Amino acid sequence: MADAKSKPPLLQINAPAILLVGKTGAGKSTLGNLLLKTSEDEKPTFHASDSLVSKKYKYISRFCELQIGDKIYNIIDTPGIFNTNDPTEDILEEIARTIQKCTYGIRAILFVFASRWFTDEQKNTLNIIKTFLGEESLQYMIFVFSHCNKKQTEDPEYFKNSCWNEPIKAFINSLDNRWAISPDARYFQPDNLVYKQRLKELKKHISYHINGVYTNDLFEKAWKKQKENERKEREAEEKRRKVILLVGKTGAGKSTLGNLLLKTSEDEKPTFPVSESFSFATQKSASASYKIGDEIYNIIDTPGIFNTDDPNKDILEEIARTIQKYVYGIRAILLVFEARLFTNEQINNTLNGITTFLGEESLQYMISVFSNCNRKQTKDPEYFKNSCWNEPIKAFINSLDNRWAISPNTEDFPPGNLVHEKCLKELEKHITNIDGVFTNYLFKKARKMQEETARKAKEDEERLQREYEEELISKAEIIAKERYEKQKKEYEKRILE
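In this report, the structure presented in the accompanying data block is examined.

Each value, and the rule that gives it
- Residues numbered from 1 in each chain as written.
- Predicted model: local features only at pLDDT ≥ 70, side-chain atom pairs only at ≥ 80, totals over all residues.
- Heavy atoms only, no water.
- Buried < 20%, exposed > 50% of the residue type's maximum accessible area, 1.4 Å probe, protein only.
- Helix = DSSP H or I, 4+ residues; strand = E, 2+ residues; numbered from the N terminus.
- Pairing = 2+ DSSP bridges.
- Contact = heavy atoms within 4.5 Å.
- Axes fitted to C-alpha atoms, helices over the stretch in contact; angles between N-to-C directions.
- Parallel < 35°, antiparallel > 145°, perpendicular 65-115°, else oblique.
- Nonpolar A, V, L, I, M, F, W, Y, C, P; charged D, E, K, R; others polar.
- Salt bridge = Lys/Arg side-chain N within 4 Å of Asp/Glu carboxyl O.

1. Thoughts on the pairing of strand 3 (residues 71–77)
And then number 1: The buried count for strand 3 comes to five of seven residues, which makes it a mostly enclosed element.
And then number 2: Of the strand pairs in this sheet, strand 1 (residues 17–22) and strand 3 are connected by four bridges, and their pairing is parallel. Paired with Leu19 across the bridge in strand 3 is Ile76.
And then number 3: With seven bridges joining them, strand 2 (residues 62–68) and strand 3 adopt antiparallel strand pairing. Bridge assignment links Ile68 to a residue of strand 3, and that residue is Lys71.
And then number 4: A loop of two residues connects strand 2 with strand 3, the two strands running antiparallel in sequence, and Gly69 in this loop sits at a positive phi of about 65°.

Here it is in structure tokens:
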């Protein structure tokens with residue numbers, strides 16, 4: 001037994017375990033002390049918090065030896081789970097580490113549940129503990145009610161028939177009816193018969209109503225399944241979010257803009273890798289969560305389009321797969337465009353290429369973002385607009401209902417600078433002011449039109465080729481016939497001579 005005057009030791013588990021789990025404030029530590037007969041001591045074995053935020057051993061599991069009959073167990077008090085005031089992930093990780101140290105297995109999982117908490121919210125608690133430990137953990141679980149009143153504790157059948165709701169009934173049924181009551185010291189002292197009877201019933205469940213032990217293998221199985229389900233849920237959640245799509249030529253600054261919006265541009269490893277050459281870094285689309293106001297978006301960095309070093313078709317197919325993945329639509333398409341001298345032909349090729357690929361209707365959701373602007377252009381957007389735009393750029397921006405912004409150069413305007421922040425706020429304002437979303441339907445429509453145009457172009461090319469070949473054949477026949485007639489006349493002439 002543990003010395004009642006000292007705190008319980010850190011985990012050194014060398015016997016089958018009895019694991020205490022439940023919500024913060026449910027009475028786990030109190031139940032442990034009742035079983036260890038230290039609840040009345042000045043310093044009980046496990047620290048029981050008077051508030052919903054346990055302070056002393058908040059994230060640490062503690063254990064103590066407990067003898068039931070001739071069997072020795074390690075009873076383990078775990079941090080309170082599902083407490084809104086604490087990071088649940090940290091607590092679950094601590095419980096996971098504790099379980100993994102139980103190399104002799106867990107004989108019983110005592111799920112402590114306050115009888116006053118019969119609300120719909122508790123359905124979640126029941127489901128979460130089952131998900132966390134796995135369905136097979138139910139074979140080793142005992143449901144222990146705490147904070148029962150005097151009548152409920154004295155008469156368990158009355159408590160069962162009058163106080164349980166349907167979720168509780170169903171859950172305890174899944175435990176093969178293994179349940180008990182933790183006696184409340186306000187009503188029953190340790191020498192009281194009711195007090196002793198309730199603890200005896202709990203010990204009987206532990207000793208006789210459970211076969212085998214809950215093993216590390218079972219927990220690992222449940223843990224992997226939970227992580228896989230969480231991954232799928234994250235992916236599903238991402239697909240439900242609206243998208244901000246970064247597109248543009250290789251080296252235009254798409255990844256840099258994404259990092260500026262995500263505030264990771266100054267990090268050692270920014271969210272999106274940035275290429276320092278035209279051999280681009282982004283070959284597959286990558287995404288990250290991005291919040292504007294109260295709404296969370298997926299901001300997606302795509303491979304550079306119209307890059308002469310790589311096959312356009314593969315890159316466009318990758319972007320197409322990305323668009324089709326997000327069924328809730330694209331809120332904004334940020335076409336990143338370098339603010340440097342281009343020929344009209346180069347500009348037209350880029351702009352025509354993107355509008356052909358995404359379709360004319362994509363212009364309703366597009367924002368042109370200029371990168372690599374100099375200090376004066378960035379600081380004075382009106383000067384940049386009036387002095388630096390050529391006719392193709394002006395016409396294109398006009399087709400976007402004048403939605404354009406500048407991606408600030410961090411060498412001139414680092415994060416925190418007023419000009420830097422103003423540029424990004426202008427861009428965010430454009431994003432939130434767009435009505436509706438660019439949908440898969442609109443994209444498929446553009447793709448069909450593109451395919452139809454390509455089909456017609458191919459048919460026209462094949463037709464011209466056939467006509468050319470037919471003309472060649474026709475001309476060859478005429479030439480051959482003329483040659484034949486000429487040779488025939490010469491032959492007849494020689495015969496007559």
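2. What to know about the environment of Pro183
And then number 1: For Pro183, the position within the fold is in the loop between strand 6 (179–181) and helix 7 (193–208).
And then number 2: The spacing of Pro183 and Thr153 is 30 residues in sequence and 6.6 Å in space, taken between C-alpha atoms.
And then number 3: If sequence neighbours within four positions are ignored, Pro183 has contacts with Leu34, Thr153, Tyr195, Arg198 and Leu199.

3. Quick look at the packing of helix 9 (residues 254–262) against helix 15 (residues 418–433)
And then number 1: Where helix 9 contacts helix 15, the two axes come as close as 11 Å, and the packing angle between them is 100°. With respect to helix 15, the axis of helix 9 lies roughly perpendicular. Here helix 9 contributes Leu257, Leu260 and Leu261 to the contact with helix 15, which in turn contributes His420, Leu424 and Leu427.
And then number 2: A breakdown of the residues in the contact of helix 9 with helix 15 according to their chemical character gives five nonpolar, one polar and no charged.

4. Topic: the pattern of salt bridges
And then number 1: Applying the stated criterion across every chain, the model contains 22 salt bridges.
And then number 2: Lys221 is the salt-bridge partner of Glu136, the closest N and O atoms lying 3.2 Å from each other. With Glu136 in the loop between helix 3 (121–133) and strand 5 (141–146) and Lys221 in helix 8 (residues 216–240), the pair connects residues that are 85 residues apart, well separated along the chain.
And then number 3: Given the relative accessible area of 30%, Glu136 is considered partly exposed.
And then number 4: Its salt-bridge partner being Asp184, residue Arg186 comes within 2.7 Å of it at the nearest N-O pair.
And then number 5: Assessed through its relative accessible area of 60%, Arg186 is described here as exposed.

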